[in-house]
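Overview (structure and organization)
In case you want the letters, here they are:
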Amino acid sequence: MDKLSPRKIHIIGSVGSGKTTLARNLSNKLSIPHYELDNVVWKRHKPRDIKRTEEERDQLLSTIIHSNTWIIEGAHYNEWVFQSFHNADLIIFLDTKNSKRKYRIIRRFILQILRIEKSNYKPTFEIFRNMFIWNDNFESRIKPKVVNKLGQYSSKSITIKDTIEIISSLN
């Protein structure tokens, strides 16, 4: 991966799979900017985030993917995201164990409540509960679709169970 380092990377996985951590690590290691799809969908605004229109969202994603380098990460699996798959040099599917994701959701929530870990949203019990719902939905409904879709991109996609696998391959 040294000489042929990808310059456009899409990371997909469920809540708590390690997407953001991996994106940050790769961003630092490769000196490539990273973007969270949640921040493409939402304008971060006090006191409440504002959802972008589909046109705004699509335009922002288009601007990102037409730049020279990027790392995009998110759990989003919708038609509007597929342009990122198409333009990526590498697609990483983080298929972390469900039990590990649940542990990370709980840990993240506690750290956010204690203000030890920063978040783009106000950590509430409703969001905490929803993360488990989103995780279960990803596991049962989205994951099979991701696996199927990545078949179209087999020459440039990898599935990993743990982020250590990819970070160690960059050393």
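Residues numbered from 1 in each chain as written. Predicted model: local features only at pLDDT ≥ 70, side-chain atom pairs only at ≥ 80, totals over all residues. Heavy atoms only, no water.

1. Thoughts on helix α3 (residues 54-65)
So the rule is basically this: Numbering of helices and strands runs from the N terminus; a helix is a DSSP stretch of H or I covering at least four residues, while a strand is a stretch of E covering at least two. What a helix should span is 1.5 Å times the count of its residues minus one. Only protein chains enter the accessibility calculation, which uses a 1.4 Å probe. A residue is then buried if its area is under 20% of the maximum for its type, exposed if over 50%, and partly exposed in between. It is the directions from the helix axis to the C-beta atoms whose arc is reported. Contacts were defined at the residue level, with two residues in contact if any of their heavy atoms lie within 4.5 Å.
The end-to-end C-alpha separation of α3 is 16 Å, in line with the 16 Å expected for 12 residues at 1.5 Å each. Taken together, the buried positions of α3 are Arg-57, Leu-61, Ser-62, Ile-64 and Ile-65. Taken around the axis of α3, the buried residues stretch over an arc of 160°, which confines them to a single face. Buried positions along α3 lie against β1 (8-13), β2 (34-36), α2 (37-41), β5 (70-74) and α4 (82-87).

2. Re the side chain of Ser-27
Structurally, the position occupied by Ser-27 is in helix α1 (residues 19-30). When its relative accessible area of 12% is taken as the criterion, Ser-27 is described as buried. When neighbours within four sequence positions are excluded, Ser-27 is seen to be in contact with Ile-32, Pro-33, His-34 and Ile-71.

3. A closer look at the nonpolar core
Test applied: Among the buried residues, those of types Ala, Val, Leu, Ile, Met, Phe, Trp, Tyr and Cys that are joined through side-chain atoms within 4.5 Å form a nonpolar core.
Core analysis: the largest hydrophobic core is formed by 22 residues, its most contacted members being Leu-37, Leu-61, Ile-72, Tyr-77, Trp-80, Phe-85 and Val-146. Sorting the residues of this core by element identifies α2, α3, β5, α4, β6 (90-94) and α6 (125-150) as the ones contributing at least two each. Counting residues per element, this core draws most heavily on α6, at 4 residues. Excluding residues within four positions of it along the chain, Phe-85 makes contact with His-10, Ile-12, Tyr-77, Ile-91, Lys-149, Leu-150, Tyr-153 and Lys-156. Counting residues in each nonpolar core, the second largest holds 12 residues, with Ile-9, Leu-30, Ile-32 and Leu-94 among its members.

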